[in-house]
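A look at the structure
Each chain is listed here by its residues.
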Amino acid sequence: MAAHLSSGRVNLTALREAGRRELREFLDKCAGSKAIVWDEYLTGPFGLIAQYSLLKEHEVEKMFTLKPGRLPPADVKNIIFFVRPKLELMDIITDNVLREDRGRSPQRDFHILFVPRRSLLCEQWLKEQGVLGSFIHREQYSLDLIPFDGDLLSMESESAFKECYLESDQTSLYHAAKGLMTLQALYGTIPQIFGKGDCARHVANMMIRMKREFPGSQNSIFPVFDTLLLLDRNVDLLTPLATQLTYEGLIDEIYGIQNTYVKLPPEKFAPKKQGEGGKDLPTEPKKLQLNSAEELYAEIRDKNFNAVGSVLSKKAKIISAAFEERHHAKTVGEIKQFVSQLPHMQAARSSLANHTSIAELIKDITTSEDFFDNLTVEQEFMSGIDTDKVNNYIEDCIAQKHPLIKILRLVCLQSVCNSGLKQKVLDHYKREILQTYGYEHILTLNNLEKAGLLKPQTGGRNNYPTIRKTLRLWMDDVNEQNPNDISYVYSGYAPLSVRLAQLLARPGWRSIEEVLKMLPGPHFEERQQLPTGLQKKRQHGENRVTLVFFLGGVTYAEIAALRFLSQMEDGGRGGAGSSQPQGAGRAMPDSFAIHFLKVLRELLAFVLFSYTVLLGALLLAGWTTYFLVLK
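This report concerns the structure included in the present document. Within each chain, residues carry numbers counting from 1 in the order of the written sequence. In view of the model being predicted, local features appear only for residues whose pLDDT reaches at least 70, and side-chain atom pairs are presented and counted only at 80 or more, with totals across whole chains, interfaces and linings using the full set of residues. As a rule here, side-chain values come from all non-hydrogen atoms in the structure, and water together with hydrogens is ignored.

The angle between the axes and the distance between the axes are what describe a pair of packed helices. Viewed as axis vectors pointing N to C, helix α7 (residues 171-187) and helix α8 (residues 198-213) meet at an angle of 50°, and their least axial separation amounts to 9 Å. The angle between α7 and α8 places the two elements in the oblique class. For the pair α7 and α8, the sense of crossing is right-handed. Touching L173, Y174, A176, A177, K178, L180, M181 and Q184 of α7 are C199, H202, V203, M206, M207, M210 and K211, all from α8. Axis lines are fitted to C-alpha atoms, over the contacting stretch for helices. Their N-to-C directions set the angle, which ranges from 0 to 180 degrees. The way it works is that DSSP assigns letters per residue, a run of H or I at least four long becomes a helix, a run of E at least two long becomes a strand, and they are numbered from the N terminus. For classification purposes, angles smaller than 35 degrees are called roughly parallel, those larger than 145 roughly antiparallel, those between 65 and 115 roughly perpendicular, and all remaining angles oblique. Helix crossings get a hand from a simple test, with the near helix turned counterclockwise from the far one by less than a right angle marking a left-handed crossing and a clockwise turn marking a right-handed one. Note on contacts: a residue pair qualifies if any of its non-hydrogen atoms lie within 4.5 Å across the two residues.

This next bit is on the packing of aromatic side chains. Any pair of Phe, Tyr and Trp rings, taking the six-membered ring for Trp, is counted once the centres come within 6.5 Å. Such a pair is stacked with planes under 30 degrees apart, edge-to-face with planes over 60 apart, and tilted for the rest. Inspection of the entire model under this criterion finds 15 aromatic pairs. Plain terms: the ring middles of F161 and Y165 are 4.7 Å apart, the flat faces sit at 45° to each other, and that makes the pair tilted. On the criterion of helical spacing, the pair formed by F161 and Y165 is a turn pair, its members being four residues apart in helix α6 (residues 160-165). Comparing F161 with Y165, the two get one shared label, buried. Ring centres 6.1 Å apart and planes at 65° place the aromatic pair Y187 and F225 in the edge-to-face group. Here F225 lies in the loop between α8 and β9 (227-232) and Y187 lies in helix α7, a separation of 38 residues in the sequence. This pair shows no difference in class: Y187 is buried, exactly as F225 is. Connected via pairs of aromatic rings, a cluster forms that spans F26, W38, F46, F82 and Y141. Positioned above the aromatic ring of F524, the side-chain terminus of R201 is 4.1 Å from the ring centre. In this structure, K287 packs its charged tip against the face of Y261, placed 4.9 Å from the ring centre. Whether a residue is buried, partly exposed or exposed follows from its accessible area with a 1.4 Å probe, protein chains only, as a fraction of its type maximum: under 20%, in between, or over 50%, in that order. Consider the ring centre and the ring normal. A charge sits over the ring if Lys NZ or Arg CZ is within 6 Å of that centre and within 35 degrees of that normal.

On to helix α19 (residues 464-471), then. Every α-helix carries 3.6 residues per turn, so stepping three or four residues along brings you back to the same face. All of the buried residues in α19 are Y464, I467, R468 and L471. Buried positions in α19, seen along its axis, are confined to an arc of 100° and lie on one side of it. Where α19 is buried, its residues touch α9 (238-241), α14 (369-382), α16 (404-417), α20 (496-505) and α21 (513-518). Taken from the residues just after α19, R472 is the one with a positive phi, measuring 50°. This arc is taken over the directions from the axis of the helix to the C-beta atoms.

Attention now moves to the sheet that holds strand β11 (residues 261-264). Two strands are said to pair when DSSP picks up at least two bridges between them. Strand order across the open sheet formed by three strands is β10-β11-β12, with antiparallel pairing between neighbours. Both outer strands of the open sheet, β10 (257-258) and β12 (286-289), are each paired with one neighbouring strand and no more. Judged from the four bridges that link them, β11 and β12 form a sheet pairing that is antiparallel. Bridging from a neighbouring strand, L264 pairs with K286 of β12.

The first and last C-alpha atoms of helix α12 (residues 308-324) sit 25 Å apart over 17 residues, in line with the 24 Å expected at 1.5 Å per residue. Among the residues of α12, V308, V311, L312, K315, I319 and F323 are the ones counted as buried. Along the long axis of α12, the arc covered by the buried residues comes to 105°, so they all point the same way. Opposite the buried face of α12, at more than 90 degrees from it, the exposed residues are K314 and K317. Given a helix with a known number of residues, its expected span is that number minus one, times 1.5 Å.

With that settled, consider the pairing of strand β3 (residues 78-83). With six of its six residues buried, β3 lies for the most part within the structure. Both faces of β3 are covered, namely the face carrying N78, I80 and F82 and the face carrying I79, F81 and V83. The pairing of strand β1 (residues 34-38) with β3 spans five bridges and is classified as parallel. Pairing of K34 across the sheet is with N78, part of β3. Bridge count between β3 and strand β4 (residues 109-114): six bridges; the pairing is parallel.

Turning our eyes to something else, we now look at the pattern of salt bridges. By convention in these notes, a salt bridge is any Lys or Arg side-chain nitrogen within 4 Å of a carboxyl oxygen on Asp or Glu. Across all of its chains, the model carries 30 salt bridges by this definition. The residue R563 makes a salt bridge to E248 at a minimum N-O spacing of 3.9 Å. Taken together, the residues span a long stretch of sequence, with R563 in helix α22 (residues 556-570) and E248 in helix α10 (residues 247-254) at a distance of 315 residues. With respect to class, R563 is no different from E248; both count as buried.

A word on the layout of surface pockets. Put simply, the largest pocket is a space of about 810 Å³. Contributing elements (two or more residues each) for the lining of the largest pocket: α2 (40-47), α3 (52-57), β6 (146-149), β11 and β12. Broken down by element, the lining of the largest pocket gets its largest block of residues, seven residues, from α2. Using protein atoms alone on a 1 Å grid, points that fit a 1.4 Å probe yet trap it form a cavity, whereas open point sets bounded by protein on both sides within 12 Å along at least five of seven lines form a pocket; residues with an atom within 4 Å of a point count as lining. Grid points are joined across faces, edges and corners, and a volume is the space filled by probe spheres set on the points.

Before going further, it helps to examine the nonpolar core. If you look at the biggest cluster of nonpolar residues, it comprises 155 residues, and the most contacted ones within it are F82, L230 and L500. When residues of this core are assigned to their parent elements, the largest contribution, nine residues, is made by α16. Here F82 is in contact with L23, F26, L27, I36, V37, W38, D39, L42, F46 and L113, once residues within four sequence places are set aside. Buried residues of nine kinds, namely Ala, Val, Leu, Ile, Met, Phe, Trp, Tyr and Cys, make up a nonpolar core once their side-chain atoms join them within 4.5 Å. L66, L71, F81 and I92 belong to the second-largest nonpolar core, a separate cluster that totals 23 residues.

On their own, these measurements won't tell you what the molecule is for.
Here it is in structure tokens:
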């Protein structure tokens, strides 16, 4: 089931097993039959740690979704609530418990498991409601890092960006620091820590303090990672605003990927039977899991969408030829060999059919005139064209009342690429948006300004052209079919975050000191002392392993760029300077992100980032890449 977790330079199966072990230990404390009441948000992340079969082994007989009212009937001894520490959920639990206590015999035992941390505030609230004493066990489950793939972890902290930059709530940063300490407990102390941004500085400080306060945390495990790179999302706000153009990025852009699963329109996946036409088409969305366990998906997910068609066509010919081999099987041995290969061939054909259907769905969008016009404006902004004036396309979109998220994304992109908008231009956009979409969006615009996504241009100069040229963020000649630079993930734009990761590896950040000063927040370096005998003596040609951790979310395009950079380094083609950063799009959590960084989709009332917000991390193993995400 989890073979794909051990396919990278770092075997993430150990992390998954640590989570399963902690879950089993808690379930065993609740002796007897059990029913779990789930906070619905947690079902996806837990599904990646433990399938139902594991729960059933520990006497879990029923599972329900947490909702107001009486709990469904279940002949079990224990009721266990798996919830996030949120007050609104405590109200629902209170209602459930009080309704259960009225006249039920025999009484059932209640337990509560807070994920990822216990909350004194929530426990006090339950006490005030008179139900705290009903819970026999009140514990926490540290669901910090969830393995998504062989090079991808996610913290699935959906509101991390909003909490950090709008509410000044550093809870998610504490969880990030705890998660990294857990990672070091399993994979050894990381000798070097680099970071950029205020949040990165806070996380590094907390890690150092935790290590000092718990001296027993120093382990004797030979370190797997050489370097940790902490990156604030607000250091690079441009990348998640741009449209991702990788296959996986576009899937996330259009349909959204949640916990490695995507739900797609069912029509394209209905079996076609002669003479039945369009009868009895399925109505339930087609749900597919997307990870490297599927050979074809692992091959095409990081490609620019324009290069996917030729791969699918080539794969179709190979599969067709493989099935034709049955006509040439003459002997019993040959027939037996063909039959043994049949399950794999059928799985490959099914996979090809699914991804051909997905590609057709995406193509219907990407070939539309509106998609092309939108992408043209984005690329003009990113290449520095007409960023200081009102854009006619944005005005037309507002007049035609296109989705507000699309408008805000373009306006924010223009603002970021111009180091803020002229006051006259900003006021014009605000007036048009409020008059068209409603004055309730004053709060939306205010939050965008507070988050740094939309702002007036102050007396200072526009630094973006200098940053773009120095880091080579825009490349005019991009080979989408056979790329030689990470800019292929956005068909011209190289994600700033990935350029920083690349330049850190070589020649080092000292070569771009002036540019780093132009970006938000401090940059820093910390070293963690290793016990005698654990220092690495690197062999000639041995690649370094770097964990890149995004604080506030990452996109699938960025993950694709990091993987591309890793492959170039492993293949001996890696370049120096700023020629090879990893591309980012606006879809996925941070490559360790790590998926994590899934991308910020909760937005209008808070901040604009129609991608999942994650805290993510990404490992570049010599440049082999791993991603850790806080979604």
